[in-house]
Amino acid sequence: PSQLTPPRRVVVVVKRGVLDRFATLKTQKRFRIFAENLERARLYQEMDQGTAEYGVTKFSDLTEEEFRTAYLNPLLAKLPGRPMKVASIPNGSFPEEWDWRDHGAVTGVKNQGECGSCWAFSVTGNVEGQWYLHKGTLISLSEQELVDCDRIDEACGGGLPSNAYQAIEKLGGLETERDYSYQGFEQKCGFSKEKVAVYINSSVAISTDENEIAAWLAKNGPISIALNAFAMQFYRKGISHPFFVLCNPWMIDHAVLLVGYEKSCGPVCCACGYYYLYRGSHACGMNTMCSSAVVN
């Protein structure tokens, strides 16, 4: 026909009993997943070599695949990072323990929501620390700018810190969290050069040696890293030390911010708070993708 038929209003009537049954089935499914996850958490507890406590968390009613799809970043293990200049490691001794939270270089914990934007949070956390250490002001920066305006990475579908640094340089800097607030989904890029709060000059890759990582961190600030988030779904507290075969270092899927280290562990900043990971055995591949912005 030459003309489109005018749309008709459609009213769907569903019996109350059908809705109740649907809700019941959905609840039963979640309860079954929750029960299975309790068993998984118990096994993690039995097999962990550290002092971590695993149990009920806000992720306990999600399947492993749902957790991975909603919160993690599969691109980290699939794509090679952009080549970066290698950072120089400081000479001499470094403190036995260090925590940048005690020295004003870390903003409060943020929530990435159901979006695989961990790469953006890891990088903005690093830039926040670098700006504080070189310019004297701690500013909460916009992850949403990277989610919307980084054309190399895939927003909530994942990304790489090395690409994010490049995007920040091309854009001309980052806006503040207040000016470009986080929404947890991709939008049209709304970046404004007039609102740029910080800039970076370049970026560097950091050693895979844990002692050298610690030495660099203690002198230069929090580090963007990536790791295998195998144990994080049910982590509650303590020092996590999964068996090597369970937390494959080549299957990294979550970017976070390394804010410090202790004699036997290092606190890692993540969306859910702080995760303490055993130090000295390259646990969960935490040493495989360490990097930082450079601010002059």
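Each value, and the rule that gives it
- Residues numbered from 1 in each chain as written.
- Predicted model: local features only at pLDDT ≥ 70, side-chain atom pairs only at ≥ 80, totals over all residues.
- Heavy atoms only, no water.
- Core = buried A, V, L, I, M, F, W, Y, C linked by side-chain atoms within 4.5 Å.
- Buried < 20%, exposed > 50% of the residue type's maximum accessible area, 1.4 Å probe, protein only.
- Helix = DSSP H or I, 4+ residues; strand = E, 2+ residues; numbered from the N terminus.
- Phe/Tyr/Trp six-rings, centres within 6.5 Å; stacked < 30°, edge-to-face > 60°.
- Lys NZ or Arg CZ within 6 Å of the ring centre and 35° of its normal.
- 1 Å grid on protein atoms, 1.4 Å probe; cavity = no way out; pocket = protein on both sides within 12 Å on 5 of 7 lines; lining within 4 Å.
- Points joined across faces, edges and corners; volume = space filled by probe spheres on them.
- Nonpolar A, V, L, I, M, F, W, Y, C, P; charged D, E, K, R; others polar.

**Q** Honestly, the nonpolar core in this entry has me stumped. Any pointers?
**A** A general feature of soluble globular proteins is that nonpolar side chains tend to end up buried together. One finds Tyr54, Ile223, Ile225 and Leu227 to be the most contacted residues of the largest nonpolar core, which totals 42 residues. For this core, the elements supplying multiple residues, two or more each, are helix H1 (16–47), helix H2 (64–71), strand E4 (202–206), helix H7 (210–220), strand E5 (223–227), strand E8 (254–258) and strand E11 (273–278). When residues in this core are grouped by element, the largest group, five residues, is from H7. Counting 18 residues, the second-largest nonpolar core is a separate cluster that includes Val127, Trp131, Ile139 and Ile200.

**Q** Whenever I open this one, the packing of aromatic side chains confuses me. Can you help?
**A** Two descriptors summarise a pair of aromatic rings, namely the distance from one centre to the other and the angle between the planes of the rings. Under the criterion given, the structure shown has 13 aromatic pairs. With a centroid separation of 5.7 Å and 40 degrees between ring planes, the pair formed by Phe67 and Tyr71 is classed as tilted. With a gap of four residues between them, Phe67 and Tyr71 both fall in helix H2, about one helical turn apart. Overall, Tyr71 belongs to the buried group, its relative accessible area being 13%. Centre to centre, the rings of Trp131 and Tyr199 are 5.1 Å apart; their planes meet at 85 degrees, and the pair counts as edge-to-face. A residue pair is termed long-range when its members are at least 10 positions apart, and Trp131 in helix H4 (residues 118–135) and Tyr199 in the loop between helix H6 (161–171) and E4 qualify at 68 residues. Using a relative accessible area of 10% as the deciding quantity, one classes Trp131 as buried. The exposure class assigned to Tyr199 is partly exposed, which follows from its relative accessible area of 32%. An aromatic cluster of three or more residues is present, and its members are Tyr44, Tyr54, Phe230, Phe234, Tyr235 and Tyr275. Of note, Arg101 hangs over the ring of Tyr274, and the distance from its end group to the ring centre comes to 4.1 Å. Residue placement shows Lys135 over the ring face of Trp131; its charged tip is 5.7 Å from the ring centre.

**Q** Looking at this structure, how should I read the layout of surface pockets?
**A** To locate leftover empty space, one rolls a probe as large as a water molecule over the atoms. Volume-wise, the largest pocket comes out at about 300 Å³. Contributing to the lining of the largest pocket are 19 residues, with Arg68, Leu72, Asn228, Met251 and Asp253 lying nearest its centre. Of all the secondary structure elements, the ones that give two or more residues to the lining of the largest pocket are H1, H2 and helix H3 (75–78). When residues of the lining of the largest pocket are assigned to their parent elements, the largest contribution, three residues, is made by H2. Classifying every residue of the lining of the largest pocket gives eleven nonpolar, three polar and five charged. Counted as a void, the second largest pocket has a volume near 250 Å³. Along its surface, the second largest pocket is lined by 16 residues, and Gly81, Met84, Thr288, Met289 and Cys290 are the ones closest to its centre. Among the elements of the structure, H3, H6, E4 and strand E12 (290–294) are those that each provide at least two residues to the lining of the second largest pocket. Considered class by class, the residues forming the lining of the second largest pocket number ten nonpolar, five polar and one charged.

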